[in-house]
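# An overview of the molecular structure
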Amino acid sequence: MAFELKEFLGRFRKNSFKNLLKSEQSVLGVDIGSSSIKIVQLRKEKERAILETYGEVATGPYGGMEIGQPVKLNAEKTAEAIRDVLKEAGAKATVARVAIPLNSSFVKVIQLPVSAEGDLENVITIEARRHVPVPISEVSLDWWVMPKTEKEKEENNKTMEVILVAIHNDVINTYKDIIAKSGLVAAAYEMEPFGMIRAAIGRGSSTIAVIDFGASSTKMAILDYGVMRESHFINKGSHDLTRALSQSMGIDLARAEEIKREVGLSDLPEHKEIMEVMQPILSYIFHEANASLKNFQSKYKRSVSKIVFTGGGGLLKGIVPFGVKEFTIEVELADPFSKTEHPVFLSTVLKEIGLSFSVASGLALGEL
Ligand SMILES: Nc1ncnc2c1ncn2[C@@H]1O[C@H](COP(=O)(O)OP(=O)(O)OP(=O)(O)O)[C@@H](O)[C@H]1O
Ligand SMILES: [Mg+2]
């Protein structure tokens, strides 16, 4: 599901860009996370996606903070970090698809009469005024008509559902500036969840939820047949666990991070104290996620059958059984490099670190 911002990219993409991109040219996925920037470079060879290189750089030190600490960098510093990680990874591609954070975007599924299909651009621009909380002149709009099954068509041929995405022009301009300063060409900008979904799941038929457990926030998407219906932004992430451990135990962040990774979610008596520190944050995140699931279930009258974790926070030991207990449904970890081909010796490493590359990997896949 390619989901570009038509207004500023559609034209570019349709007219000249695709011709520039030779069939075997390499592409980059760029994910500017709060604690680190992730890049993945893929090449298309026949119908396969070959992983050429990948890299990650901690953003903290570029903002005078520690490795692992989330920071908000300006465009210059962000571009410097991107150039560094490209160099470090030996990534030579210049064409990139870039993630726009979920909390910088407005997403909603809206209902429109089927008769609007012929004049969708105008209808959406008018409809968007009712839904988007800022003036339409200040945002770029994109949309996607949700596919219907034959049964759904029989049951209802009057209305259709459309995913509406609005991103503030200031946000887009900031990203354009970063990409230009990084020496890259953006083929498309795409909202974070679309990247993570593409990498994390197959074209399954069931209704599932993908949870990206990041450093400073947790992003959730609920999908049907691989198409996103709902998204939810939770303003706490895995670094909040580290910070809480550091504060309550009076240790530095690096040590707290080590403890978090070593112990994970444990029910051993000797880890009781550590769990007590992390519990309120975990409860908050899981409670928010659960509320979102319940909401979905009552709105669409069907239940979510599985949760898939992505993001570096998903590497927390014991998160799968913990999730099963909290959600009482099947829980698994994503395998974001499962759709790419890579040398066998990398398989183990990619399984260990892959989770944090979900967004970047999905973006690059989308560009092939
Ligand atoms: N082995 C591990 N065990 C537990 N947590 C881990 C492990 N590896 C990484 N993490 C955590 O994952 C988080 C980073 O994940 P990720 O790279 O997905 O975040 P981000 O994209 O920078 O943040 P955000 O999405 O919130 O902007 C860190 O808080 C880190 O502590
Ligand atoms: Mg992230």
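Residues numbered from 1 in each chain as written. Chains lettered and ligands numbered in written order. Predicted model: local features only at pLDDT ≥ 70, side-chain atom pairs only at ≥ 80, totals over all residues. Heavy atoms only, no water.

## Details of helix H5 (residues 169-181)
- Given a rise of 1.5 Å per residue, 13 residues ought to cover 18 Å, and the 18 Å separating the end C-alpha atoms of H5 matches this to within 8%.
- Inspection of H5 places Val171, Ile172, Tyr175, Ile178 and Ile179 among the buried residues, and these make up the whole buried set. Buried positions in H5, seen along its axis, are confined to an arc of 125° and lie on one side of it. Facing away from the buried side of H5 by over 90 degrees, the exposed positions are Asp170 and Ala180. (Helix = DSSP H or I, 4+ residues; strand = E, 2+ residues; numbered from the N terminus. Expected span 1.5 Å × (residues − 1). Buried < 20%, exposed > 50% of the residue type's maximum accessible area, 1.4 Å probe, protein only. Arc of directions from axis to C-beta.)

## Thoughts on helix H3 (residues 120-131)
- Between the first and last C-alpha of H3 there are 16 Å, a value that for 12 residues agrees with the 16 Å anticipated at 1.5 Å per step.
- Those residues of H3 lying buried are Leu120, Ile124, Glu127, Ala128 and His131. Down the axis, H3 shows its buried residues gathered within 115° of arc, on one side only. The outward face of H3, more than 90 degrees from its buried face, is lined by the exposed residues Ile126 and Arg129.
- Those residues of H3 that are buried lie in contact with strand E5 (105-113), strand E6 (139-145) and strand E7 (159-168). (Contact = heavy atoms within 4.5 Å.)

## Some thoughts on the site of ligand 1
- In the neighbourhood of ligand 1, 21 residues make up the surrounding shell, with Ser34, Ser35, Lys219, Glu257 and Lys260 lying closest.
- In the model, an oxygen atom of ligand 1 is placed 3.2 Å from a nitrogen or oxygen of the Ser36 main chain.
- Within the side chain of Lys260, an N or O atom sits 2.6 Å from an oxygen atom of ligand 1.
- Considering ligand 1 on its own, with 650 Å² of exposed area, one finds that the protein chains cover 88% of that surface.
- Among the secondary structure elements, those contributing two or more residues to the shell around ligand 1 are strand E2 (36-45), helix H7 (238-249) and helix H8 (253-263).
- Ranked by residues supplied to the shell around ligand 1, first place goes to H8 with 3 residues.
- Per-class residue counts for the shell around ligand 1 are 3 nonpolar, 13 polar and 5 charged. (Near = heavy atom within 4 Å. Polar contact = N/O pair within 3.5 Å; in protein donor to acceptor, adjacent residues only side chain to side chain. Areas by Shrake-Rupley, 256 points an atom, 1.4 Å probe, with all protein chains shown as cover. Nonpolar A, V, L, I, M, F, W, Y, C, P; charged D, E, K, R; others polar.)

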